[in-house]
Amino acid sequence: MRRSIIAGVGGALPDRVVTNQELADMMDTSDAWIVERSGIRERRWVDCEMGGSDLALAASQQAVAQAGLSVKDIDCIVFATLSPDYNFPGSACLLQDLLELPGIAALDVRNQCSGFIYSLSVADAWIRCGQYDCVLVVGAEVHSTGLDKTTRGRDVTCLFGDGAGAVLLTAGDLGEVGERGLLSTHLHADGKYAKALWVEAPGSRLYPDRLNQQMLAEGKHYTQMQGRRVFSHAIKYLPQVILQGLTANGLSLDDMDLLVPHQANLRINEAAAKVLGISMDKVYSNIERYGNTTAASIPLALRDAEEEGRIHRGDLLVLASFGAGFTWASAVLRW
Ligand code: COA
């Protein structure tokens, strides 16, 4: 029986650090407000023309090197992003070209903050059914070029940052890898809330123009978010989907060594931990450094957690996310 193993993990961030104070110089906000509401102290923004695919390249190379494999071993790319380099073609095709892997499959996944776990689920299914042996799963975002840097956009702009994370998923035989590998994924969505967190324009259904001066003046090309609505649904569904994943494997919270949640907001993760009755010692966080990097946040968190010695071979990890769509998801894995 085949199982997917995370053989390597990598991450990449733009060099430019943007502190809360820098945001306060651009708009009516403050370091204290942002830290209290979100736990974020700084984030990274690109400072030149750079797409998510460029950041993804560096993250992918690190993941491949860590796995002790070669880029040539990759036989499929799954790329999660809500900020693709272009409307089309997808960023997976751009990354495939940067990696110089013509001909291999390249798929974009558009499930926002849950994009990485959705991608992991697709890659895992392909590996288990024998279609591919080595799948590169990437999450990458360049938010900064799409943020309203005036007071009008302060609720959203203070939260988001740029970055990329990647894992290399390889096939292992259950007999060889023992307990190691991806045990399950659980995916959910509720499109009723599509407009609670969205970017309206440009959109093909906007008639007769996808984008016009009026839409630009109204800021419809920027993210619109009903913050409290997102918050209340996140703290309801995150605990549910975490428990769903553990229960499906006959496991409990006591078996979990570390929860690696999507880094949307420290308060959301603290509230979810409280609902679950677990200590924040069991919840990984790096949001203070990067803000919300959407599809990149979980692989970046895995990369950092491993570098910091927070995860070890054999540990039971639960990955969990909630975000636009609404979408929410979890993955249970033995590192
Ligand atoms: N700086 C200062 N004030 C701000 C601000 C900022 N960056 N952003 C919003 N405010 C103001 C609002 O305008 C509002 O002012 P008003 O009372 O005069 O109208 C006030 O702060 C309170 O706004 P509110 O939206 O009620 O605050 P909140 O306590 O709900 O916190 C969020 C706002 C966005 C931090 C919070 O709702 C949240 O974290 N939601 C989830 C967002 C998220 O994680 N999204 C990504 C999910 S993947």
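Predicted model, so just to flag it, every value in this text is computed and none were measured.

Rules of the game
Residues numbered from 1 in each chain as written. Predicted model: local features only at pLDDT ≥ 70, side-chain atom pairs only at ≥ 80, totals over all residues. Heavy atoms only, no water. Helix = DSSP H or I, 4+ residues; strand = E, 2+ residues; numbered from the N terminus. Rg over C-alpha atoms; globule rule 2.2 N^0.38 Å. Buried < 20%, exposed > 50% of the residue type's maximum accessible area, 1.4 Å probe, protein only. Areas by Shrake-Rupley, 256 points an atom, 1.4 Å probe, with all protein chains shown as cover. Phe/Tyr/Trp six-rings, centres within 6.5 Å; stacked < 30°, edge-to-face > 60°. Lys NZ or Arg CZ within 6 Å of the ring centre and 35° of its normal. Domains from an automatic or database assignment. Contact = heavy atoms within 4.5 Å. Buried area = accessible area lost by both parts, 1.4 Å probe. Salt bridge = Lys/Arg side-chain N within 4 Å of Asp/Glu carboxyl O. Polar contact = N/O pair within 3.5 Å; in protein donor to acceptor, adjacent residues only side chain to side chain. Nonpolar A, V, L, I, M, F, W, Y, C, P; charged D, E, K, R; others polar. Expected span 1.5 Å × (residues − 1). Bend = angle between axes of the 7 residues up to and from the residue. Near = heavy atom within 4 Å. Pairing = 2+ DSSP bridges.

Bringing the overall build of the protein into the picture now. Assigned secondary structure in the protein consists of 12 helices and 13 strands. Relative to the 2.2 N^0.38 estimate, which gives 20 Å for 335 residues, the radius of gyration of the protein is 19 Å and therefore close to what a compact globule would have. With the principal axes as the frame, the protein shows a C-alpha extent of 60 × 50 × 35 Å. Here the protein holds 335 residues, and the buried ones make up 54% of them. If you sum the accessible surface of the protein, you get close to 14300 Å²; carbon and sulfur atoms cover 48% of it.

Taken as a whole, this structure holds 6 aromatic pairs when the rule is applied. With a centroid separation of 4.9 Å and 15° between ring planes, the pair formed by tyrosine 193 and phenylalanine 326 is classed as stacked. Here tyrosine 193, found in the loop between strand S8 (181-189) and strand S9 (197-198), pairs with phenylalanine 326, found in the loop between strand S12 (316-323) and strand S13 (327-334); they are 133 residues apart in sequence, far enough to count as distant. A single burial state applies to tyrosine 193 and to phenylalanine 326, both of which are buried. What links up through ring pairs into an aromatic cluster is the set Tyr193, Tyr237, Phe322, Phe326 and Trp328. Here lysine 149 stacks its cationic end above the ring of tryptophan 45, 5.1 Å away from the centre of that ring.

All right, on to the domain arrangement of the protein then. On domain assignment, one finds that the protein holds domain 1 (2-177) and domain 2 (181-334). Of note, the centres of domain 1 and domain 2, computed from C-alpha atoms alone, are 14 Å apart. Tallying the contact residues gives 52 residues for domain 1 and 48 residues for domain 2. Buried surface at the junction of domain 1 and domain 2, summed over both partners, amounts to about 3800 Å²; 62% is from carbon and sulfur atoms. Considering only the surface of domain 1 that becomes buried against domain 2, Cys113, Ile117 and Tyr118 emerge as the three largest contributors, covering 17% of it. Seen at the junction of domain 1 and domain 2, the total is 0 salt bridges. Our enumeration of links across domain 1 and domain 2 arrives at 21 residue pairs in polar contact (both at pLDDT 80 or more). Only strand S1 (2-12), helix H2 (31-38), strand S3 (42-44), helix H3 (52-67), helix H5 (115-129), strand S6 (134-141), helix H6 (154-157) and strand S7 (163-173) provide two or more residues apiece to the side of domain 1 that touches domain 2. Top element by residues in the side of domain 1 that touches domain 2 is S1. It accounts for 8 residues. Across the side of domain 1 that touches domain 2, the residue classes tally to 21 nonpolar, 19 polar and 12 charged.

Once that is clear, we can look at helix H9 (residues 227-248). The first and last C-alpha atoms of H9 sit 31 Å apart over 22 residues, in line with the 32 Å expected at 1.5 Å per residue. By the largest-angle criterion, alanine 234 marks the main kink of H9, which is about 25°. Of the residues making up H9, those classed as buried are Val230, His233, Ala234, Tyr237, Leu238, Pro239, Val241, Ile242, Gly245 and Leu246. In the segment just after H9, glycine 250 is the residue with positive phi, at about 70°.

The next point concerns the site of the ligand. With respect to spatial proximity, 22 residues lie near the ligand, and among them Thr29, Cys113, Gly227, Arg228 and Asn265 are the closest. Within the backbone of glycine 227, an N or O atom sits 2.9 Å from a nitrogen atom of the ligand. Within the side chain of arginine 228, one N or O atom sits 2.8 Å away from an oxygen atom of the ligand. Taken by itself the ligand offers 960 Å² of open surface, and the protein chains cover 74% of this. For the shell around the ligand, the elements supplying multiple residues, two or more each, are H2, H6, H9, helix H10 (266-276) and S12. Looking at the shell around the ligand, the element that brings in the most residues is H9, giving 4 residues.

Turning our eyes to something else, we now look at the pairing of S12. Moving residue by residue along a regular strand, the side chains alternate between the two faces of the sheet. Burial analysis of S12 places 8 of its 8 residues in the buried class, the great majority of the element. Residues Leu316, Val318, Ala320 and Phe322 of S12 are buried on one face, and the alternating residues Leu317, Leu319, Ser321 and Gly323, pointing to the opposite face, are buried as well. Summarising the sheet, strand S11 (residues 258-261) and S12 pair through 4 bridges and their orientation is parallel. Across the sheet, proline 261 pairs through a bridge with alanine 320, a residue of S12.

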